[in-house]
Amino acid sequence: MRASNLLHPVREQMLPYARQWIDEDDVDAVVQVLRSDYLTSGPAVEQLERKIAEYVGAAYAVSFANGTAALHAACYAAGIGPGDRVITTPMTFAASANCVLYQGGIPVFADIDEQTYNLDPMAVERLLTDDTKAIIPVDFTGQPADLDAITELAQRRGIVVIEDAAHALGAEYKGRKVGQISDMTMFSLHPVKHITSGEGGVITTNSPKYYELLKQFRSHGITRNPSSWENEGSRWYYEMQFLGYNYRLSDLQAALACSQLDKLDRFVERRRTIAAQYNEAFSSCPQLQIPYQDQAGVSSWHLYIIQLNLEQLSAGRDVIYEALIQENIGVNVHYIPVYYHPYYRGLGYSGRICPRAERLYERILTLPLFPAMTDQDVEDVIQSVHKVIQHYSITEAEQEDSI
Ligand SMILES: *Cc1c(COP(=O)(O)O)cnc(C)c1O
């Protein structure tokens, strides 16, 4: 009977794990730029940077073509070069480590905390060497990393903290907004993230030195500021002083992000409400663990990840994943440990570096979570998870066998 139940999916249409929310006022904001004098970096980019800096409480914000470019720029500004070691987590999107490779540096993977899934400061400490130049903690799922402990380690050694907060726009740590705490903080404006510009990224910082370097890096290494020129020049003159890139955000994109930013608090509120509904629905399921929340932070809930208690289940993660897809629930897996990827294996990383991250990877599923989800969507996810988990529950199966 249970098997035939599984043949009828809980919903007819696939629910994605994430999706943007675009209103008519967002469309209008972009159209207004199309009719204006500037298509690329103009007043909308400046406005976005002012608004994001103000929102997170940082002195400066610099926008980029995407979050990965922003991380690359931050590594440049931090002075990462060939042979420098940078410690990060394997439980992240590849970009958090790739940005180190772009600069010729060496990503070093430290294991995660079993509860928060964030970088474990003690694991970081054990990997610090004289060649370590930076730490890149990731605020995984929107829950801030252990920023006090990581900042203390970094300050003791005089190294830089680049916080990958792609998941954490709107999150707080000990009463402060993420974005004002670390030397540099990166936000992504990809459509699955909290607000979007199509593609886009931002670094926030309180350092005027980093601010200048970041701006110059995103525009070929060129400066038009006479006070920083090496040579004398007329009004038309400019200098390229190092090898930068064209990593600029366009005004079209910035206008979209500005309009979205006005809705950020509502988006985050909705995400928190859905996460609380999931917590309530799943907290008493012995077959899974809901995401642990450290009291030091308030998550902005980019992702909701359940951890399967495989000991209580007759199937592994991949079977549970497929069963939920059959229910038309767009589950996902975040993330494959970065060093598992063939490219990293080719660089010489072994497949056994961070046992806690590797163990977690076998057990995780990301459930759909985005502000535009309806109450019915949330209900469908809850019902599907219960249905599939019950079906593969060992205790249930044993009970059936004994009937
Ligand atoms: C999305 C994401 C990035 C990269 O951002 P893009 O804007 O897609 O380049 C980096 N790190 C993490 C953890 C992310 O989730």
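This write-up is about the structure you can find in this document.

So, how was this worked out
Residues numbered from 1 in each chain as written. Predicted model: local features only at pLDDT ≥ 70, side-chain atom pairs only at ≥ 80, totals over all residues. Heavy atoms only, no water. Helix = DSSP H or I, 4+ residues; strand = E, 2+ residues; numbered from the N terminus. Rg over C-alpha atoms; globule rule 2.2 N^0.38 Å. Buried < 20%, exposed > 50% of the residue type's maximum accessible area, 1.4 Å probe, protein only. Contact = heavy atoms within 4.5 Å. Areas by Shrake-Rupley, 256 points an atom, 1.4 Å probe, with all protein chains shown as cover. Lys, Arg positive; Asp, Glu negative; His and termini not counted. Charge placed at Lys NZ, Arg CZ, Asp CG, Glu CD. Phe/Tyr/Trp six-rings, centres within 6.5 Å; stacked < 30°, edge-to-face > 60°. Lys NZ or Arg CZ within 6 Å of the ring centre and 35° of its normal. Expected span 1.5 Å × (residues − 1). Core = buried A, V, L, I, M, F, W, Y, C linked by side-chain atoms within 4.5 Å. Near = heavy atom within 4 Å. Polar contact = N/O pair within 3.5 Å; in protein donor to acceptor, adjacent residues only side chain to side chain. Nonpolar A, V, L, I, M, F, W, Y, C, P; charged D, E, K, R; others polar. Pairing = 2+ DSSP bridges.

Here's the deal with the overall build of the chain
Piece 1. A count of helical and extended segments in the chain gives 15 helices and 15 strands.
Piece 2. Its C-alpha radius of gyration of 23 Å places the chain within 12% of the 22 Å reference for a compact globule of 403 residues.
Piece 3. Principal-axis analysis of the C-alpha atoms gives the chain an extent of 90 × 55 × 40 Å.
Piece 4. Burial status across the chain gives 55% buried among its 403 residues.
Piece 5. When contacts within the chain are restricted to residue pairs at least 6 apart in sequence, long-range pairs at least 24 apart make up 72% of them.
Piece 6. For the chain, the accessible area works out to roughly 17,900 Å², and carbon and sulfur atoms hold 49% of it.
Piece 7. Within the chain, the 51 negative side-chain charges are centred at a point lying 4 Å from the centre of the 33 positive side-chain charges.

A closer look at the packing of aromatic side chains
Piece 1. Counting across every chain of the model gives 22 aromatic pairs.
Piece 2. An aromatic cluster is present here, built from F109, Y339, Y340, Y343, Y344, Y349 and Y361 joined pairwise through their rings.
Piece 3. It is R317 that lies over the ring of Y361; its NZ or CZ is 5.0 Å from the centre.

As for helix 3 (residues 43–56)
Piece 1. Taking 1.5 Å as the rise per residue, helix 3 with 14 residues should run 20 Å; its terminal C-alpha atoms sit 20 Å apart, in good agreement.
Piece 2. The secondary structure elements touched by the buried residues of helix 3 are strand 1 (60–64), strand 7 (176–177), strand 8 (184–188), strand 9 (201–205), helix 9 (251–261) and helix 10 (264–282).
Piece 3. Just beyond helix 3, the residue with positive phi is G57, at close to 80°.

A few points about the nonpolar core
Piece 1. Membership of the largest hydrophobic core comes to 33 residues, with the highest contact counts inside it found for Y278, F282, Y304, I306, I320, L367 and V385.
Piece 2. Residue assignment for this core shows that the elements contributing at least two residues are helix 10, strand 14 (304–308), helix 11 (317–326), strand 15 (364–367) and helix 14 (375–391).
Piece 3. Looking at which element gives the most residues to this core, the answer is helix 14, with six residues.
Piece 4. Aside from chain neighbours lying at most four places away, what touches I306 is F282, L288, Q289, R363, I364, L365, L367 and V385.

Let's talk about the site of the ligand
Piece 1. Residues in close proximity to the ligand total 15 residues, the closest being G67, T68, D164, S188 and K193.
Piece 2. Taking Y335, its side chain carries an N or O atom lying 3.3 Å from an oxygen atom of the ligand.
Piece 3. For the ligand, whose accessible area on its own is 380 Å², the fraction buried by protein is 93%.
Piece 4. When contributions to the shell around the ligand are tallied by element, the ones reaching two or more residues are helix 4 (67–77), helix 5 (95–102) and strand 8.
Piece 5. Each residue belonging to the shell around the ligand can be placed in one class, and the counts come to five nonpolar, eight polar and two charged.

Regarding the pairing of strand 1
Piece 1. Most of strand 1 sits out of view: four of its five residues are buried.
Piece 2. Sheet topology places strand 1 next to strand 9; five bridges connect them, and they run antiparallel. Across the sheet, the residue bridging to V62 is I203, located in strand 9.

Things to note about the side chain of S188
Piece 1. When you line up the elements, S188 lands in strand 8.
Piece 2. Engagement of the side chain of S188 in a polar contact is seen with the backbone nitrogen of H190, the distance being 3.2 Å.
Piece 3. Setting aside its immediate chain neighbours within four residues, S188 contacts G67, A166, K193, I195, G200 and G201.

Considering the environment of I181
Piece 1. Here I181 is to be found in the loop between strand 7 and strand 8.
Piece 2. When the C-alpha atoms of I181 and Q13 are compared, they prove to be 42 Å apart, with 168 residues separating the residues in sequence.
Piece 3. The residues touching I181, leaving out its near neighbours within four places in the chain, are L147, Y173 and R176.

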